[in-house]
Amino acid sequence: MTELFGVPLAVLSGQVMIGLINGSFYALLSLGLAIIFGLLNVINFAHGAFYMVGAFVSWGLLTYAGVGYWPSLVLTPLIVGAFGAVFERTMLRRLYGLDHLFSLLLTFGLALALEGVFRWIYGAGGKSYPVPPSLQGVYNLGFMMLPVYRAWVIVASLAICLVAWVLIEKTPLGARLRAATENPKLVTAFGINVPLMLTLTYAAGVGLAGLAGAMAAPIYQVSPNMGSSLIVIVFAVVVIGGMGSIMGSIVTGLMLGVLEGLTKVFFPTASAITVFIVMILVLLLRPAGLFGKDK
Amino acid sequence: MAEIRLQVSALEGWYGESHVLHGVTFDVKRGEVVTLLGRNGAGKTSTLRALAGVMRKRRGSALLDGHDLLSTPPHRVAHLGLGFVPEERGIFSSLTVRENLMLPPVVRQGGWSVDAIHELFPNLKGRDTTTGTRLSGGEQQMLAIARILRTGCDIILLDEPTEGLAPVIVEQIGKALVRLKEKGFTVLLVEQNLNFARGVADRHYVVEQGRVVDEFANDSLSASMDQLNRYLGI
């Protein structure tokens, strides 16, 4: 069998694949976090919980309403986003003038509450979500077998990240977002409804988390703690990429996923802490993050 | 006599707990260029910020064409036709020149086309993809005025447009202001540069300690120079 650095190629590419899958979710989640942090200055600790809620909404749509995978890819982010909008309007908004810590605590509390509610209703065990029929099967790449659904997740999340990036960096709407990040009062004085923009941005950010949850449902177990186990890594990704940097989040998310996968091959015991070692190094050498701008 | 467009009466304003405007009263008529003169910290910039809705804690009255500015939500103020060009210009560093120019939404008909803007400020031509803050100070000032002209606003609050600029650029900004006046714009100008203000304004108000303490017509300025110099501490 072909080997690379003494490791069978199939094992290596398999881990790279798992890394890319994980990285795709890191990227999708940290993208939303970065957008929310950039404009609202809120460290959204509930992001993992919204991801979990997204997976449950998708699962619930299928189980209780018979709504399949494809429509739920549209419905889930809308439902989760609407919930996020209500949360922003009724609670988060009141904390904008205060220290970051208050919104962090509020969103952390929301995350705990959501997790608790779902554990209470559905128990701690996982629910499984079938891979949609149109995405079943595997591609034989010669050196490895690639499940179609996993290929789809990687391609789709890359596409979503790219669309989000173009939207923010290259469109008039994105220019308004960037300007409001810099100087919201002046943007308001120009006649732009910044409070509405904040609500929609929060809704879009958590909607992305919900979408990630819906896409994750067929891969991981749908369980109340699926978000909390991920969110810590995602925060590390955002810090490494540079707080608020969109491209930083995307590239760092994928890169760290792959790095984590490779560590599993070469030094398995360290794989769980790879991301944090990188984070420490980046914070020491480049505190603003790999793609962040010094302020 | 021209109609009054902006009527400010007993306007008070606060930054947090700090009371900075103590009853500002003045008016601006249609088509006029009116300046607020005064020393640093007198409350000139704060007055503009209070009118534009950037300063939120206010009391008193400020009517623009009869609409109460103080009860208008801050994002609706521009839609009354009021354009704000802040001190320090407020050019966004994460936006290109073009994006800065196109940022403020068009609030009513009659806004300038990009071509007309380039004709007024040729320096901005061909700079579309440059990062806004890479422009020189003078060019940033032109951009700050230009982006307001695009929106169709017809009353402009202009805060220290000549601050820190070379004389040749100041001259250019002055010419542009005269053009705007000819086109019927109403302008409320905050200015430290008295020579510049004399060249463009119809009337001057002197602001001291958060109040308007005196008023001069531009025509009678020469006769009142001693008094004005005392106010400004020149």
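Computed from a predicted structure; not experimentally measured. (Residues numbered from 1 in each chain as written. Chains lettered and ligands numbered in written order. Predicted model: local features only at pLDDT ≥ 70, side-chain atom pairs only at ≥ 80, totals over all residues. Heavy atoms only, no water.)

Visitor: Help me out: how do you make sense of the interface of chain A and chain B in this one?
Guide: Accessible area lost when the parts come together is the quantity often used to give the size of an interface. Taken together, the contact between chain A and chain B spans 16 residues of the former and 20 residues of the latter. Summing the contributions of chain A and of chain B, the shared interface buries around 1600 Å²; its carbon and sulfur component is 65%. The interface formed by chain A and chain B contains one salt bridge. One salt bridge connects Arg178(A) with Glu99(B), and the closest N-O pair in it is separated by 2.9 Å. Here chain A and chain B share six residue pairs in polar contact (both at pLDDT 80 or more) between them. Breaking the side of chain A that touches chain B down by element, the ones donating at least two residues are helix H6 (172-182) and helix H7 (184-189) of chain A. (Contact = heavy atoms within 4.5 Å. Buried area = accessible area lost by both parts, 1.4 Å probe. Salt bridge = Lys/Arg side-chain N within 4 Å of Asp/Glu carboxyl O. Polar contact = N/O pair within 3.5 Å; in protein donor to acceptor, adjacent residues only side chain to side chain. Helix = DSSP H or I, 4+ residues; strand = E, 2+ residues; numbered from the N terminus.)

Visitor: Teacher, can you tell me more about empty space enclosed by the protein here?
Guide: Over the atoms rolls a probe the size of a water molecule, and its path tells where empty space is left. Residue and element names in this part refer to chain A. Following the criterion strictly, the structure yields one cavity of 30 Å³ or more and no others. Looking at the largest cavity, the residues that line it are Leu33, Phe37, Val42, Ile43, Asn44, Phe235, Val238 and Met243. For the lining of the largest cavity, the secondary structure elements donating two or more residues are helix H1 (9-40) and helix H9 (228-241). Grouping the amino acids of the lining of the largest cavity by side-chain chemistry returns seven nonpolar, one polar and no charged. (1 Å grid on protein atoms, 1.4 Å probe; cavity = no way out; pocket = protein on both sides within 12 Å on 5 of 7 lines; lining within 4 Å. Points joined across faces, edges and corners; volume = space filled by probe spheres on them. Nonpolar A, V, L, I, M, F, W, Y, C, P; charged D, E, K, R; others polar.)

Visitor: Please explain the UniProt feature "transmembrane region" (unreviewed entry) in chain A as it appears in this structure.
Guide: All names here are of chain A. When the UniProt feature table is mapped onto this chain, "transmembrane region" (unreviewed entry) is found at residues 20-42, 73-92, 104-122, 149-168, 189-217, 229-258 and 265-285. Helix makes up 90% of residues 73-92 and strand makes up 0%, while its end C-alpha atoms are separated by 26 Å. Structurally, residues 149-168 comprises 100% helix and 0% strand, and the distance from its first C-alpha atom to its last is 28 Å. (UniProt positions renumbered as here; feature names shortened; annotations may be inferred.)

Visitor: Hey, could you run me through the pairing of strand E9 (residues 203-208) of chain B in this one?
Guide: Sheet faces and side chains relate simply in a regular strand, where the side chains alternate between the two faces. Residues and elements named next belong to chain B. Among the six residues of E9, five are classified as buried, and the element is accordingly described as predominantly covered. Two strands pair when backbone bridges link them, and strand E3 (residues 33-37) and E9 are joined in this way by four bridges, in the parallel orientation. Opposite Val34, over in E9, you have Arg203 as the bridge partner. In terms of strand pairing, E9 meets strand E10 (residues 211-217) through six bridges, oriented antiparallel. Within E10, the residue paired with Arg203 across the bridge is Ala217. Between E9 and the antiparallel strand that follows it, E10, lie two residues; Gln209 among them carries a positive phi value of about 45°. (Buried < 20%, exposed > 50% of the residue type's maximum accessible area, 1.4 Å probe, protein only. Pairing = 2+ DSSP bridges.)

Visitor: Hey, could you run me through the sheet that holds strand E8 (residues 186-190) of chain B in this one?
Guide: Across a sheet, strands are paired by hydrogen bonds formed along the backbone, either parallel or antiparallel in direction. All names here are of chain B. Strand order in the open sheet formed by six strands is E6-E7-E8-E3-E9-E10, with mixed pairing between adjacent strands. At either end of the open sheet lies a strand with only one pairing partner, and these are strand E6 (82-85) and E10. The sheet shows a mean angle of 20° between the axes of neighbouring strands, direction not considered. The sheet contact formed by strand E7 (residues 155-159) and E8 spans five bridges and is parallel. For Ile156, the partnering residue across the bridge sits in E8 and is Val187. Contacts between helix H5 (residues 137-149) and the sheet are confined to E6 and E7, with E6 contributing the most and set at about 165° to the helix. (Axes fitted to C-alpha atoms, helices over the stretch in contact; angles between N-to-C directions.)

Visitor: I keep staring at the side chain of Glu115(A) and nothing clicks. Help me out?
Guide: Residues and elements named next belong to chain A. Relative to the helices and strands, Glu115 is located in helix H4 (residues 100-122). We classify Glu115 as buried; its relative accessible area is 11%. In this view, Glu115 contacts Met52, Pro224, Asn225 and Ser228; residues no more than four positions away in its chain are not counted.

Visitor: So what exactly am I meant to see when it comes to the nonpolar core here?
Guide: When a protein is soluble and globular, its nonpolar side chains tend to lie buried together. Residues Met215(A), Leu6(B), Phe26(B), Leu51(B) and Leu188(B) are the most contacted members of the largest nonpolar core, which totals 161 residues. Considering every element that reaches this core, the biggest residue donor is H1(A), with 15 residues. The next biggest cluster of nonpolar side chains, apart from the first, holds 10 residues, and it includes Leu37(B), Leu194(B), Val206(B) and Phe216(B). (Core = buried A, V, L, I, M, F, W, Y, C linked by side-chain atoms within 4.5 Å.)

Visitor: For this particular structure, what's the right way to read the packing of aromatic side chains?
Guide: Each aromatic ring pair is described using two quantities: the centre-to-centre distance and the angle formed by the ring planes. Residues and elements named next belong to chain A. Throughout the structure, instances matching the rule amount to 20 aromatic pairs over all chains. When the centroid spacing of 6.3 Å and the interplanar angle of 65° are considered together, the rings of Phe25 and Tyr51 count as edge-to-face. Placement of the pair is Phe25 in helix H1 and Tyr51 in helix H2 (residues 47-65), with a sequence separation of 26 residues. For Phe25, a relative accessible area of 1% translates into the label buried. (Phe/Tyr/Trp six-rings, centres within 6.5 Å; stacked < 30°, edge-to-face > 60°.)

Visitor: Would you mind showing me how to read the confidence of the model for chain B here?
Guide: Overall, the prediction assigns chain B a mean pLDDT of 93, with 99% of residues at 70 or greater. On the interface metric, ipTM, the complex scores 0.93, and its pTM is 0.89. (pLDDT = per-residue confidence, 0-100.)

Visitor: Can you walk me through helix H6 (residues 167-182) of chain B in this structure?
Guide: Residue and element names in this part refer to chain B. The end-to-end C-alpha distance of H6 is 23 Å, a good match for the 22 Å that 16 residues give at a rise of 1.5 Å each. Of all the positions in H6, only Ile169, Val170, Ile173, Gly174, Ala176, Leu177 and Leu180 are classed as buried. The buried residues of H6 occupy an angular sector of 160° when the element is viewed end-on, so they sit on one face. Along H6, the residues that are exposed and aim more than 90 degrees away from the buried face are Pro167, Val168, Lys175 and Glu182. Buried positions along H6 lie against helix H4 (114-120), H5, E7, E8 and helix H7 (194-200). (Expected span 1.5 Å × (residues − 1). Arc of directions from axis to C-beta.)

Visitor: Even after reading the chapter, I still don't get a nonpolar patch on the surface, so can you show me in this structure?
Guide: A contiguous nonpolar surface patch, about 630 Å² in accessible area, is contributed by Ile273(A), Ile277(A), Ile280(A), Leu281(A), Leu284(A) and Leu285(A). By the element assignment, Leu281(A) lies in helix H11 (residues 274-285). (Patch = residues over 30% accessible without salt bridge, like charges linked within 9 Å, V, L, I, M, F, W, Y side chains within 5 Å. Areas by Shrake-Rupley, 256 points an atom, 1.4 Å probe, with all protein chains shown as cover.)

Visitor: Hey, could you run me through the side chain of Ser103(A) in this one?
Guide: Its location among the elements puts Ser103(A) in helix H4. Setting aside residues up to four positions removed in sequence, Ser103(A) forms contacts with Val42(A), Ile43(A), Leu92(A) and Leu95(A).

Visitor: Can you walk me through the pattern of salt bridges in this structure?
Guide: For the structure shown, the criterion picks out 16 salt bridges over all chains. Between Arg119(A) and Glu115(A) there is a salt bridge, and its shortest N-O distance comes to 3.0 Å. Placement of both Arg119(A) and Glu115(A) in helix H4 is noted, with a separation of four residues, approximately one turn of the helix. You can call Arg119(A) partly exposed: its relative accessible area is 38%. Across the pair Glu12(B) and Arg59(B) runs a salt bridge whose closest N-O atoms are separated by 3.4 Å.

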